[in-house]
Amino acid sequence: WYSYRASKAAQNMITKTASLELGRKGVIVVALHPGTVKTSLSAPFHSSVKPEKLFEVDHAAGMLMDVVDSLTEKDTGGFYDYQRDS
């Protein structure tokens, strides 16, 4: 778990740093969390996820696109889930 957690910390720092650099050009940079998506990678966890929280790939992508479409420059550097919660 150490390497996984370290990679997530690095991802958050890259998001924040890129948002500062690219924000000067009006680019919005965020990290997105799709929830639990029904794929082979998440298969070991499917049984512990409520059925209404286990998303098909197309549905998850659509929810994330809705989040992306709602972002403004003040959101840059943030981390948002599929419901736009930070």
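Residues numbered from 1 in each chain as written. Predicted model: local features only at pLDDT ≥ 70, side-chain atom pairs only at ≥ 80, totals over all residues. Heavy atoms only, no water.

Q: Hey, could you run me through the side chain of His46 in this one?
A: With respect to the helices and strands, His46 occurs in the loop between β2 (36–37) and β3 (54–55). One polar contact links the side chain of His46 to the main-chain carbonyl oxygen of Thr39, over a distance of 3.5 Å. Once residues lying within four places of it in the same chain are set aside, the contact partners of His46 are Val37, Lys38, Thr39 and Leu54. (Helix = DSSP H or I, 4+ residues; strand = E, 2+ residues; numbered from the N terminus. Polar contact = N/O pair within 3.5 Å; in protein donor to acceptor, adjacent residues only side chain to side chain. Contact = heavy atoms within 4.5 Å.)

Q: Explain the side chain of Asp75 to me, please; I cannot follow it from the model alone.
A: Inspection of the secondary structure assignment puts Asp75 in the loop between α2 (57–70) and β4 (79–81). Taking the relative accessible area as the measure of exposure, Asp75 reaches 4% and is therefore buried. Polar contacts involving the side chain of Asp75 include one to the side chain of Arg84, which spans 2.5 Å. Asp75 has contacts with Val30, Ser70, Tyr80 and Arg84, leaving out every residue within four places of it along the chain. (Buried < 20%, exposed > 50% of the residue type's maximum accessible area, 1.4 Å probe, protein only.)

Q: Help me understand the pattern of salt bridges in this model?
A: Two side chains with opposite charge may pair up if their charged atoms get near one another. Counted under the stated rule, the structure contains 4 salt bridges. Between Arg24 and Glu21 there is a salt bridge, with its nearest N and O atoms 3.1 Å apart. Notably, a salt bridge pairs Lys74 with Asp75, separated by 3.7 Å at the nearest N-O pair. You can call Lys74 exposed: its relative accessible area is 73%. Here the salt bridges do not stand alone but share partners, grouping Lys74, Asp75 and Arg84 into one network. (Salt bridge = Lys/Arg side-chain N within 4 Å of Asp/Glu carboxyl O.)

Q: Is there a simple way to explain the environment of Leu54 in this structure?
A: In this structure, Leu54 sits in strand β3. Sequence-wise, Leu54 and Lys38 are 16 residues apart; in three dimensions their C-alpha atoms are separated by 6.0 Å. Excluding its chain neighbours within four sequence positions, the residues that come into contact with Leu54 are Thr36, Val37, Lys38, His46 and Val49.

Q: What is the right way to look at the layout of surface pockets in this model?
A: Considered as a void within the structure, the largest pocket measures approximately 550 Å³ in volume. Lining the largest pocket are 16 residues, with Tyr4, Lys8, His33, Gly35 and Leu41 positioned closest to its centre. Of all the secondary-structure elements, those providing two or more residues to the lining of the largest pocket are α1 (2–23), β1 (31–33) and β2. In terms of residue count, α1 provides more of the lining of the largest pocket than any other element does, 4 residues in total. Here the lining of the largest pocket is composed, by residue class, of 8 nonpolar, 7 polar and 1 charged. (1 Å grid on protein atoms, 1.4 Å probe; cavity = no way out; pocket = protein on both sides within 12 Å on 5 of 7 lines; lining within 4 Å. Points joined across faces, edges and corners; volume = space filled by probe spheres on them. Nonpolar A, V, L, I, M, F, W, Y, C, P; charged D, E, K, R; others polar.)

Purely geometric numbers; function is a separate question.
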